Amino acid sequence: MENNLPSLQSTHQVSVFDNTQSFEHAQRMAGLLSKSTMVPTAYQDNLPNCVVALEMSNRVGMSPLMVMQNMNVIHGKPSWGSSFIIALINSCGRFSDPLQFNMSKDKQSCRAFTKRQDGTLIEGPECTIAMATAEGWMNKSGSKWKTMPELMLQYRAAAFFGRLHCPDVLMGMQSQDEVQDVGFTEMPSNNSAIEKLNNIVKPEPVVYEQFETIIEPVQIIDEEIPSEDEDDDF
């Protein structure tokens, strides 16, 4: 099957952080994009986020608007939309065919696969409903695994394939669904762990020995001090 999708540019893209001129140029572009109401709210009136999006667009070889529409920040961690991950893999130019999926007959497992340019078949790790249940993805509040398990299997299989066979194309980033499934656990703000440790190992209070200070009166002897004339007699 001929792959007519546009491939990612393999030539070096100028980074917005390469030099001062590139950085200033990126800031001007980011200022314009941040004023647009067509970009996601995470980029509106947010110049730093727009600069980051420009850098990512240079690296993946796609337009800044496409990156903005598909890069989501969850709990401070950037992630790609699952459908965008499939688009990145299909357009990277390393594979002769678009990414395909081998779904089991009972719809309980899925594996992504495609072919290299030399015709070699390559497959990604298998993703199963049993895995989603064991990892706790299925029981999360608002989980799409309950309502659209077949689609979620394909999305997760695509993410697994990308991280295994072309992690540089994904820039090391996870899919939005993965970040949401893994969740985010905040560190407790109280000192409960320290308090429990203190209850187990209570240091004994240090007792300092007190000494009584006795001040004795000083006896003053009234003696006449010899004059200089008396000293001369000796």
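Quick caveat: nothing in here was measured; it's all calculated off a predicted structure.

Conventions and cut-offs
Residues numbered from 1 in each chain as written. Predicted model: local features only at pLDDT ≥ 70, side-chain atom pairs only at ≥ 80, totals over all residues. Heavy atoms only, no water. Pairing = 2+ DSSP bridges. Helix = DSSP H or I, 4+ residues; strand = E, 2+ residues; numbered from the N terminus. pLDDT = per-residue confidence, 0-100. Contact = heavy atoms within 4.5 Å. Expected span 1.5 Å × (residues − 1). Buried < 20%, exposed > 50% of the residue type's maximum accessible area, 1.4 Å probe, protein only. Polar contact = N/O pair within 3.5 Å; in protein donor to acceptor, adjacent residues only side chain to side chain. Core = buried A, V, L, I, M, F, W, Y, C linked by side-chain atoms within 4.5 Å.

Got a minute to help me understand the pairing of strand β2 (residues 77-80) in this structure?
Sheet faces and side chains relate simply in a regular strand, where the side chains alternate between the two faces. Pairing geometry for strand β1 (residues 71-74) and β2, over four bridges, is antiparallel. What sits directly across from I74, in β2, is K77. Where β1 hands over to β2, the hairpin turn is made up of two residues, of which H75 adopts a positive phi near 55°.

Can you walk me through the confidence of the model for the chain in this structure?
Interpretation of the predicted coordinates at a detailed level should be avoided for regions scoring low in pLDDT. For the chain, the average pLDDT comes to 80, and 72% of its residues sit at 70 or higher. Element-level pLDDT for the chain is lowest in helix α9 (residues 192-200), with a mean of 52, against a maximum mean of 97 in strand β4 (residues 109-115). Here residues 184-189 scores under 50 on pLDDT; set against residues more than four positions off or in separate chains, the count is one contact.

Explanation requested: the side chain of S34 in the structure shown.
Within the secondary structure, S34 sits in helix α1 (residues 20-34). Sequence-distant contacts of S34, defined by excluding residues within four places in its chain, comprise Y43, Q44, D45, N46 and C50.

Any chance you could explain helix α2 (residues 47-60) here in plain terms?
For α2, spanning 14 residues, the distance from its first C-alpha to its last is 20 Å, which sits close to the expected 20 Å at 1.5 Å a residue. The complete set of buried residues in α2 reads C50, V51, A53, L54, E55, M56, S57 and V60. On its buried side, α2 packs onto α1, α3 (64-70), β1, β2 and α4 (82-91). Put simply, N46 is the residue that caps the front of α2, since its side-chain oxygen is 3.2 Å from the backbone nitrogen of N49. Among the residues trailing α2, G61 stands out with phi positive, at a value near 75°.

In this structure, what is going on with the nonpolar core? I would like to understand it.
One recurring pattern in soluble globular proteins is that nonpolar side chains are buried together. M71, W80, L88 and W145 are the most contacted members of the largest nonpolar core, which totals 45 residues. When residues of this core are traced back to their parent elements, those giving at least two are α1, α2, α3, α4, β4, α5 (129-134) and α7 (149-165). For this core, the element with the most residues is α7, which contributes seven residues.

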